[in-house]
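Chain by chain, the residues run as shown.
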Amino acid sequence: MSNYHKPEAKTVAKLEDLANILRIHSLDSTLASKSGHPTSCSSMAEIMSVLFFHTMRYKISAPKDASSDRFILSKGHAAPILYAAWAEAGLFPTKELLNLRKFDSDLEGHPTPRLNFVDVATGSLGQGLSVAAGMAYVGKYFDKASYRTYCLIGDGESAEGSIWEALHFASFYNLDNLCAIFDVNRLGQSEPTSLQHNMEVYRKRLEAFGFNALVVDGHDVEELVKAFHEAEQTKGRPTAILAKTFKGKNFVNIEDLENWHGKAITGAQGQEVVKHLQSLLKNVGTGERTIPKPVEDAPKVDISSVKLDTPPSYKLGEQVATRLAYGTALAKLAKNNSRVISLDGDTKNSTFAEKIKAVDSKRFIEGYIAEQNLVGVAIGAACRDRTVAFVSAFAAFFSRAYDQIRMGAISQTNVNFVGSHCGVSIGEDGPSQMALEDLAMFRAIPGSTVFYPCDAVSTERAAELAANTKGICFIRTSRPNTPVIYKNDEPLAIGKAKVVRSSNKDQALLIGAGVTLHEAVKAADILAKAGINVRVLDPFTIKPIDQKAIIENAVQTGGRIVTVEDHYPEGGLGEAVLSAIAEHPNLILKKIAVKDVPRSGKPDELLHHYGIDAVSIAKTTESFIKN
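With an unreviewed UniProt entry as reference, the chain is termed transketolase, source organism Nasonia vitripennis. Within the UniProt record for the chain, the comment given under Sequence similarities (unreviewed entry) is "Belongs to the transketolase family." UniProt's Subunit (unreviewed entry) comment on the chain is quoted here verbatim: "Homodimer."

Structural data, given as structure tokens:
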């Protein structure tokens, strides 16, 4: 192997000591908290020792430095040993490890970015490798820098399909700067894993996925050092280090035994284990820590104040689908900032995410039909503020990646999601393609912003606002062409609604969004012919909802509100408005929504059948006013 130098005996001894020191810290911290996963930490101790004190290049002074190597602990329940490694590296005093899992400590039971050395939250298993792949993709193709990404995966979580989606992605894009480490310790939470220690099966599977697969003794420091060196030297494909380990390694009367998952080791037994670990120390790992310095070649990146390259340019009344306007906006944002990127799951010609390719084809990432990995890659790509990531798909398909999106919020990610093909208005494709729960799904995400633009102008502005908004953003786009109702210079803001139809004699407030806003406007025309005036309001964002505008306009229109949405009744526009008026005693709301699982049909047929077209809205509103 080129340039490989076998580590000196004293280096090996030092790394072995450090592994046992990390075990002791893991035991002590879980004992202090009376909870945790010390046996899961123990199986990976040598891996962590070699990574943090021999292989990885990083800065203690700046744990998230752009040029430093990345490390993702996918098996997040082994957090105590991650914390121990950073403490031993000198980031914070080791005595702080005894605050594990305390309410006033950021050393939580599973890692979160409350800690300055954690990029993403982990603990919902099977997600770390996708995030790592996103980081590696950015490093290889956008930053073109020397830093490498390491992801440590538990053998139990490797049963998750998202792991195999990530393996396919990493291999397809030749991410040779990515190293996946499988801690094959044989035991799951409640019983042995399906493959246990069948290392040959693991090797064949990883090789079949296009990885350079290396089977090693995960407790042999020399083997690990050599394997990580080979991973760095391997070009054109990622490496997987398959480490055969034992759960509870070096824990007396516990090693490789079942029923020790997630249990602190207390009392005399804990003292015996610690005493044994101390007896293994050669006292060469207690001195200065050697941490290789990173190569300072990651470029400076500015993702602030991202704007449309040119303003919207539409004619009032022009028929444009909001999904098409999103593609136009994406391209404009990409022209303005070289770090705006697009990811899609083989729907780019329907979501119009492919429009970014006309600006720079390299900034489009095809994730194929693997939405869980798609979302994870986007979260990784957005880490350390390296990109402004937009992820698009049919909105219904984000539901299969909801756990990744949920974890993204815990990870403090700034990923922007764009879901097209919403509601029954898509027509003949039928209910499997119709997103009717997506607003509820994204509204439930903590800190999220949910846009529901009704025309091309507001869609372009939604994309621009999302690019500059912290937290998860969701933009709901529609398939049908709808008329442009806003002037190109119309000011639009998060949490600010727009009144699009009003008079001094309005008897009710109609609130629609997207397709149903236009149906509400047509309903207002129908009612006007019958001598009934109603006001129509476009919320623009469903979260935050413009409480002030809703209440003020509702009071001015007799206290009657009608919401109409191409969405199920639960959790959508109607319930957002209900929440806004909940403490106002003189307002009453009528909620119109799709109440049943729909069927195929023409869009107009479906809108009418489910009571959300103009004729139905007018009829329901008139009855509401009179009764």
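Turning to the overall build of the chain, a few remarks are in order. In terms of regular secondary structure, the chain is built from 21 helices and 19 strands. Considering only C-alpha atoms, the chain reaches an extent of 90 × 50 × 40 Å along its principal axes. A buried classification covers 61% of the 627 residues belonging to the chain. Within the chain, counting contacts between residues at least 6 apart in sequence, those at least 24 apart form 79% of the total. Accessible surface for the chain amounts to roughly 23900 Å². Of this, 48% is attributable to carbon and sulfur atoms.

We now examine helix α5 (residues 128-143). Given 3.6 residues to a turn, an α-helix orients residues that are three or four positions apart in the same direction. Under the 1.5 Å per step criterion, the end-to-end length of α5 is 21 Å for 16 residues, consistent within 8% with the ideal 22 Å. When you tally the buried positions in α5, you get 14 out of 16 residues, the bulk of the element. Residue Lys144 follows α5 closely and has a positive phi angle near 50°.

Our next topic: unusual backbone geometry. Of note, the bond from Lys543 into Pro544 is cis; its omega dihedral lies within 30 degrees of zero at 0°. Residue position: Pro544 is located in the loop between β17 (541-543) and α18 (547-556). In this structure, Ser305 is a non-glycine residue whose phi angle is positive, near 50°. Structurally, Ser305 is set in the loop between α9 (267-280) and β6 (319-321). Among the residues examined, Ser305 registers a relative accessible area of 53% and is labelled exposed. The backbone of Phe540 sits at a positive phi, close to 65°, despite the residue not being glycine. Looking at the element boundaries, Phe540 is found in the loop between β16 (535-538) and β17.

Turning our eyes to something else, we now look at the domain arrangement of the chain. By the assigned domains, the chain splits into domain 1 (10-280), domain 2 (318-484) and domain 3 (498-626). Between the C-alpha centres of domain 1 and domain 3 there is a distance of 53 Å.

Further remarks concern the sheet that holds strand β11 (residues 449-451). Spatial ordering of the open sheet is given by β8-β7-β9-β10-β12-β11-β17, a layout of seven strands whose pairing is mixed. Taken across any chain shown, the strands that pair with only one partner, and hence form the sheet edges, are β8 (364-366) and β17. Adjacent strand axes in the sheet meet at a mean angle of 20° when their direction is disregarded. Note: strand β7 (residues 340-344) against β8, three bridges, orientation parallel. Bridged to Leu343 within β8 is Ile365. Relative to the sheet, helix α13 (residues 371-382) contacts β7, β9 (388-394) and β10 (416-420), its axis offset from that of β7 by approximately 165°.

Examined against the element boundaries, Thr516 turns out to sit in helix α17 (residues 515-529). Engagement of the side chain of Thr516 in a polar contact is seen with the backbone oxygen of Ala513, the distance being 2.9 Å. In this structure the side chain of Thr516 is engaged in a polar contact, spanning 2.8 Å, whose partner is the backbone oxygen of Val564.

A word on the packing of aromatic side chains. Inspection of the entire model under this criterion finds 23 aromatic pairs. With a centroid separation of 6.2 Å and an interplanar angle of 75°, the aromatic rings of Tyr83 and Phe117 are classed as edge-to-face. Here Tyr83 is found in helix α4 (residues 79-89), whereas its partner Phe117 is found in the loop between α4 and α5, with 34 residues between them in sequence. The class of Phe117 is buried, set by a relative accessible area of 7%. Their ring planes at 55° and their centres at 4.8 Å tell us that Phe169 and Tyr173 sit as a pair that is tilted. In terms of burial, Phe169 and Tyr173 fall into one category: buried. Joined through ring pairs, the aromatic side chains of Phe52, Tyr58, Phe71, Tyr83, Trp86, Phe92 and Phe117 make up one cluster.

Let us now look at the pattern of salt bridges. Inspection of the entire model under this criterion finds 34 salt bridges. With a closest N to O distance of 2.9 Å, Asp119 and Arg384 form a salt bridge. Placement of the pair is Asp119 in the loop between α4 and α5 and Arg384 in the loop between α13 and β9, with a sequence separation of 265 residues. For Arg384, a relative accessible area of 17% gives the class buried. For Asp360, the salt bridge identified is with Arg363, shortest N-O distance 3.3 Å. By sharing partners, the salt bridges in this structure join Arg57, Asp69 and Glu232 into a single network.

Looking now at the pairing of β10. Across the five residues of β10, five count as buried, placing the element largely inside the fold. Burial along β10 is two-sided: the face carrying Asn416, Val418 and Ser420 and the face carrying Phe417 and Gly419 are both buried. The sheet contact formed by β9 and β10 spans five bridges and is parallel. Its bridge partner being in β10, Phe390 is matched across the sheet by Asn416. Regarding topology, helix α14 (residues 402-410) serves as the crossover connection from β9 to the parallel β10, and that connection is right-handed. Looking at chain direction, β10 and strand β12 (residues 473-476) are connected through four bridges and run parallel. Counted as the bridge partner of Val418 is Ile475 from β12.

The rules behind each value
Residues numbered from 1 in each chain as written. Predicted model: local features only at pLDDT ≥ 70, side-chain atom pairs only at ≥ 80, totals over all residues. Heavy atoms only, no water. UniProt positions renumbered as here; feature names shortened; annotations may be inferred. Helix = DSSP H or I, 4+ residues; strand = E, 2+ residues; numbered from the N terminus. Buried < 20%, exposed > 50% of the residue type's maximum accessible area, 1.4 Å probe, protein only. Contact = heavy atoms within 4.5 Å. Areas by Shrake-Rupley, 256 points an atom, 1.4 Å probe, with all protein chains shown as cover. Expected span 1.5 Å × (residues − 1). Domains from an automatic or database assignment. Pairing = 2+ DSSP bridges. Axes fitted to C-alpha atoms, helices over the stretch in contact; angles between N-to-C directions. Polar contact = N/O pair within 3.5 Å; in protein donor to acceptor, adjacent residues only side chain to side chain. Phe/Tyr/Trp six-rings, centres within 6.5 Å; stacked < 30°, edge-to-face > 60°. Salt bridge = Lys/Arg side-chain N within 4 Å of Asp/Glu carboxyl O. Right-handed = clockwise from strand over helix to strand, strands pointing away.

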